[in-house]
Amino acid sequence: MFYRRKHLLAIEGLHPPEIGHLLELADSYVLLNRSGKTQRDLLRGRTLINLFFEDSTRTRTSFELAGKRLGADVINMSVSTSSVNKGETLLDTAATLNAMQCDLLVVRHNQSGAPNLLARKVDASVINAGDGTHEHPTQALLDALTIKRRKGRIEGLTVAICGDVLHSRVARSNIHLLTTMGSQVRVAGPPTLMPAEVAKFGVTVFHDMKEGLAGADIVMMLRLQKERMTSSLVPSEREYFRFWGLDAEKLAFAKPDALVMHPGPMNRGVEIDSAVADDPVRSVIKEQVEMGVAVRMAVLDTLSRGDGRNDA
Ligand code: NCD
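Summarised in this report is the structure supplied together with it. (Residues numbered from 1 in each chain as written. Predicted model: local features only at pLDDT ≥ 70, side-chain atom pairs only at ≥ 80, totals over all residues. Heavy atoms only, no water.)

Topic: empty space enclosed by the protein
Logical step 1: Overall, the coordinates contain 1 cavity of 30 Å³ or more when judged by the stated rule.
Logical step 2: Those elements that place two or more of their residues in the lining of the largest cavity are α2 (58–69), α5 (137–151) and α11 (285–305).
Logical step 3: Counting residues per element, the lining of the largest cavity draws most heavily on α11, at 4 residues. (1 Å grid on protein atoms, 1.4 Å probe; cavity = no way out; pocket = protein on both sides within 12 Å on 5 of 7 lines; lining within 4 Å. Points joined across faces, edges and corners; volume = space filled by probe spheres on them. Helix = DSSP H or I, 4+ residues; strand = E, 2+ residues; numbered from the N terminus.)

The following block contains the structure:
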């Protein structure tokens, strides 16, 4: 048992054996998940609350499915933040959740740091399901599992993360995970969509897509996150696609066996061409969704055991 933390709030700061443990356990859950069988005794009597302050399809349903496969009682709470003071709501919610004796709390919030705040206020183990532009740790774990199962390793691979890096919590979690596990990580995108100090995370920055893709083993596309943009950072979707959209012509610069990934939801014709997204040989986008359930089973299982926990 290499993961002794109470929560999963971020990938940043995790050590290779902790990530390795979660990936190995997740790998062992892939077949169980495919068989449709359950191991209901593992989380029997535990309550999992999905607390989503932001929209989600894949993440919420896969946490729900993962919890049910392991026998937990799953409650879904969707909360609108439009007209309320977020800080107050969160703390009020924390008090309610404590009163409900929740064991596992899965949180998505549009404010970076919200899950960390909740983790200090609730008794439950908190899992970050995406906070603002900060992190989305289970997405990075499912991406890593997909890569590992396809390529046999993570170490030594060249991974190009392309597009709207600035607003992407998926990019941040993946950068931390992949650099920690020994990949060479590149980020490619227009200067307006690149965080100022991204290079300090040990990645190489490209402002030309074809250069960024040259010789890559993995091409990870990001959604253009217009809902997080406060000003106009891209000229037009047509022009964005021309320079930054992944189509067959740009993909040809990557290795011939390079895999195409996208966390979803996709803007087809904006950051990715449908022919590439649906390519049965190169695209592993559906597999990423499948791996999401196995990864979340592994995370729920690990956190609910709590053996020798250090409460970090
Ligand atoms: C991502 C998210 O919500 O951060 N989606 C997901 O969880 N699969 C990426 C995105 O919204 O673009």
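That shown, we press on.
Looking at the pattern of salt bridges
Logical step 1: Evaluated as defined, the whole model comprises 17 salt bridges.
Logical step 2: Glu 237 is paired through a salt bridge with Lys 226; the nearest N and O atoms lie 2.2 Å apart. Here Glu 237 is found in helix α8 (residues 237–244), whereas its partner Lys 226 is found in the loop between β8 (218–221) and α8, with 11 residues between them in sequence.
Logical step 3: Shared partners join several salt bridges into a network, and the residues in it are Glu 54, Arg 169 and Arg 228. (Salt bridge = Lys/Arg side-chain N within 4 Å of Asp/Glu carboxyl O.)

A word on the site of the ligand
Logical step 1: Taken together, the residues surrounding the ligand are Arg 58, Thr 59, Arg 108, His 136, Gln 139, Arg 169, Val 170, Arg 223, Gln 225, Pro 263, Gly 264 and Pro 265.
Logical step 2: Within the contact set of the ligand, an oxygen atom lies 2.7 Å away from a side-chain nitrogen or oxygen of Arg 223.
Logical step 3: Pro 263 is positioned with one of its backbone polar atoms (N or O) 3.0 Å from a nitrogen atom of the ligand.
Logical step 4: When isolated, the ligand has an accessible area of 320 Å², and the protein chains bury 94% of it.
Logical step 5: Its atoms largely coinciding with the cavity grid, the ligand occupies the largest pocket.
Logical step 6: For the shell around the ligand, the elements supplying multiple residues, two or more each, are α2 and α6 (169–180). (Near = heavy atom within 4 Å. Polar contact = N/O pair within 3.5 Å; in protein donor to acceptor, adjacent residues only side chain to side chain. Areas by Shrake-Rupley, 256 points an atom, 1.4 Å probe, with all protein chains shown as cover. Sits in = over half its atoms within 2 Å of the grid points.)

As for the packing of α5 against α6
Logical step 1: The geometry of α5 relative to α6 is characterised by a closest axis approach of 8 Å and an angle of 55° between their N-to-C directions. One way to sum up the angle between α5 and α6 is to call them oblique. For the crossing formed where α5 meets α6, the hand is right-handed. Residues Pro 137, Gln 139, Ala 140, Leu 141, Asp 143, Ala 144 and Ile 147 of α5 form the contact with α6, whose own contacting residues are Val 170, Ser 173, Asn 174, Leu 177 and Leu 178.
Logical step 2: Across the contact of α5 with α6, the residue classes tally to 8 nonpolar, 3 polar and 1 charged. (Axes fitted to C-alpha atoms, helices over the stretch in contact; angles between N-to-C directions. Parallel < 35°, antiparallel > 145°, perpendicular 65-115°, else oblique. Left-handed = near helix turned anticlockwise from the far one by under 90°. Contact = heavy atoms within 4.5 Å. Nonpolar A, V, L, I, M, F, W, Y, C, P; charged D, E, K, R; others polar.)

Examining the environment of Arg 172
Logical step 1: Looking at the secondary structure, you find Arg 172 in helix α6.
Logical step 2: As for Arg 172 and Ala 10, which are separated by 162 residues in sequence, their C-alpha atoms are 9.5 Å apart.
Logical step 3: The residues touching Arg 172, leaving out its near neighbours within four places in the chain, are Thr 133, His 134, Val 165, Leu 166 and Pro 195.
Logical step 4: Polar side-chain contacts of Arg 172 include one of 2.9 Å to the backbone oxygen of Ser 168.

Examining the side chain of Ser 173
Logical step 1: With respect to the helices and strands, the residue Ser 173 is situated in helix α6.
Logical step 2: Residues within four places of Ser 173 in sequence aside, it is in contact with Ile 11, Glu 135, His 136, Pro 137 and Ala 140.

As for the layout of surface pockets
Logical step 1: In this structure, the largest pocket occupies an estimated 440 Å³ of space.
Logical step 2: Together, 20 residues line the largest pocket, and Arg 108, Arg 169, Arg 223, Gly 264 and Pro 265 are the ones closest to its centre.
Logical step 3: Only α2 and α6 provide two or more residues apiece to the lining of the largest pocket.
Logical step 4: For the lining of the largest pocket, the per-class residue count stands at 4 nonpolar, 8 polar and 8 charged.
Logical step 5: For the second largest pocket, the calculated volume is near 200 Å³.
Logical step 6: In terms of lining residues, the second largest pocket is bounded by Pro 190, Pro 191, His 207, Asp 208, Met 209, Lys 210, Arg 242, Phe 243, Trp 244, Asp 247, Glu 249 and Lys 250.
Logical step 7: Elements that contribute at least two residues to the lining of the second largest pocket include exactly α7 (209–213), α8 and α9 (248–251).

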